[in-house]
Amino acid sequence: MGRRRGAPEGAFTFDLVPDGSEAGREPAFEEAADPGESAGAVPGPASGARRRWSGRARRVRWVGVLGLVGVLAAVVLVDGAADRWRGDDLRAAAGGVTDLSGPPFEAWSLNEDIGGLGLSGGLVAMQGEVVAVHRHDELVGIDLATGRPRWTVQLDEADGSCGPGMAVWGDTIDVRPAELVVCVAQEIDGEAHVTVVEDDGSVLVRRTVEGDHDLVVPGPRGTVVSATWVGDPEDVDVDLRGDPLTNLTVIGEIDDGYDLELSAADAVTGEERWVTTVPFGQVRDRTQCVSWDVGGRNARVDRRATLDHAVGRELIGVAGCGILAYLTPEGKRLDVPDVASDDDDVVRRVRPLADGGYVVSSGVWNRPALEHDVLGADGEHLYSVEGRVLDPLSTVGGDADELLVAYAARTIALDRTGEELWRADINAERLLARTDDVAVVLDSLDRVVGLGREDGAVRWVRDDLVVQYSALVGGGRSGELEAAFTDGTVVAVVVPTYTGERVLARWNAVDAATGEDLWSTELSSDGWGLDLAAAGHLLRWSPRGLTGYATGS
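Predicted model only: the values in this text are computed from it and were never measured. (Residues numbered from 1 in each chain as written. Predicted model: local features only at pLDDT ≥ 70, side-chain atom pairs only at ≥ 80, totals over all residues. Heavy atoms only, no water.)

Q: Break down the pairing of strand 41 (residues 517-526) for me, citing the residues and quoting the values.
A: The pairing of strand 40 (residues 502-511) with strand 41 spans 9 bridges and is classified as antiparallel. Bridge pairing in strand 41 places Arg502 opposite Asp526. With antiparallel pairing between neighbouring strands as the criterion, strand 40 and strand 41 make up a hairpin whose turn holds 5 residues, including Gly515 at a positive phi of roughly 80 degrees. (Pairing = 2+ DSSP bridges. Helix = DSSP H or I, 4+ residues; strand = E, 2+ residues; numbered from the N terminus.)

Here you go:
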């Protein structure tokens, strides 16, 4: 996925087709490559070094010696319960796969049967080992193990969207379990029709949304989110110059515009859960205040022209002319600091963290020192930090006691209050995986490094897992590390290479504790796509279809 280096602060758009040398890079809104020092935010730790660690639960607990037979029985029962608990955690975790003991291989493919998959709402992982796929005017429940349809629900319109969908807020791109799928089809006149589907394919309700709204989309946690432009702004003295197709320039200040009313309602009953109004604010991207005709030859000032949005399980984001807002599923507005810069590449964004909570980032793209506010799950401020926040691509689930931050060529672990736990002389760029005992990072030298979570000690280093793989396959454009997965003991990394119309992905798996090789394999596919974890299974999504991988020895 190509990084949008010049993406405006509030444009929720993503490059889904590799673009030149940046194929396989981080999604849109990823961190700047080398944040450094600047005044204002806390540089790493909020105060002096402090080492402490909370104990971790063991898989088997001894409650007493009841004789050899009784002890053995107890161990089997408790360990079996722990395995089931770990499996449940992995199914709900970012990048969690229940079994990586052997290399993945294609178990089923629906490329011929399912076409036109859209990124927004195309996939919604559900309970019961089923993934819901939005296909044209149908919602289809696909068995994750076999690829066979379990149920099909007819939708009102082919152009609608279903959610929660795939979360594309930062490094992590995954599909999480959801009890309900909400599908919304909005007609040209604004009328919206809602269909709510349970995990067994039962339709709970079909209803029409009341009121006139500019946007109606599936929301988080079984809701429907509506957005409506409101207010009566003053006219603005603005001219449009240049070719609308190539070099349109907006001349003049847009100092007044519409407010945006946002609301969320229960998808089944229609009962309103919350409503809030986002006031018109500073316009950084004036093209968000311009509309084009169908052919793109004519443009005009229209302060209600653009309403970009992104909705995930834990976050709602909207952007338009003078509008930038992020909200929790409960409707709490998350404040995004202003950036004192005339630069167009200002970064002001929020993304949810894999372990819960949020990070609010601000600064100027590709300049030193993005500043971050770390928030709790309720949106309350915990602490501020400077550098690069490392959110894991894959975890084993559960809550972590630490957050990793890269600052001044070091990796620093902070506790929930922002106090330093430890630091390591490793310039980490991405946190690939987090197991119970090890944090696996990719550093600035393209080395994969295992750090002890308790003390930051370097457990192992591998400099051969992320390579220019194109040289091994006779040319083509090499991708960077695209994805990482874990089952708690194994960490697998994926490095794709694009050769014409084909994609050849190299999978390497190592022991999380020692870094030793376990297995490797190559998987070939038609065109670009995303490797995802869904309910403990591996999937490959592409605009052309869906493929399921089986794993295990």
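There is more to say, and it comes next.
Q: Any chance you could break down the state of the cysteines for me, citing the residues and the numbers?
A: In total, this model carries 2 disulfides according to the counting rule given. What pairs with Cys162 in a disulfide is Cys183, and their sulfur atoms sit 2.0 Å apart. Judged by the torsion about the S-S bond (110 degrees), the Cys162/Cys183 disulfide is right-handed. Of this pair, Cys162 sits in strand 6 (residues 161-163) while Cys183 sits in strand 9 (residues 180-186), placing them 21 residues apart in sequence. The residues Cys162 and Cys183 share a single accessibility class, namely buried. With its sulfur 2.0 Å from that of its partner, Cys289 forms a disulfide with Cys321. An S-S torsion of about 90 degrees defines the bridge between Cys289 and Cys321 as right-handed. Within this pair, whereas Cys289 is found in the loop between strand 17 (272-278) and strand 18 (290-292), its partner Cys321 is found in the loop between strand 21 (316-320) and strand 22 (323-327), the two being separated by 32 residues in sequence. The class of Cys289 is buried, set by a relative accessible area of 0%. If you count the bonded cysteines of the protein from the N-terminus, they pair up as 1-2, 3-4. (Disulfide = S-S within 2.5 Å. Buried < 20%, exposed > 50% of the residue type's maximum accessible area, 1.4 Å probe, protein only.)

Q: Any details on the pairing of strand 2 (residues 123-126)? Residues and values, ideally.
A: Neither face of strand 2 is open: one carries Leu123 and Ala125, the other Val124 and Met126, and all of them are buried. Between strand 2 and strand 3 (residues 130-135), which follow one another and run antiparallel, lie 3 residues, and Gly128 among them has a positive phi close to 85 degrees.

Q: Can you lay out the pattern of salt bridges for me, pointing to particular residues and giving the numbers?
A: Tallied over the entire structure, the rule returns 19 salt bridges. Across the salt bridge formed by Arg447 and Asp443, the nearest N and O atoms sit 2.7 Å from each other. The exposure class of Asp443 is buried, given its relative accessible area of 2%. By sharing partners, the salt bridges in this structure join Arg221, Arg313, Glu314 and Glu330 into a single network. (Salt bridge = Lys/Arg side-chain N within 4 Å of Asp/Glu carboxyl O.)

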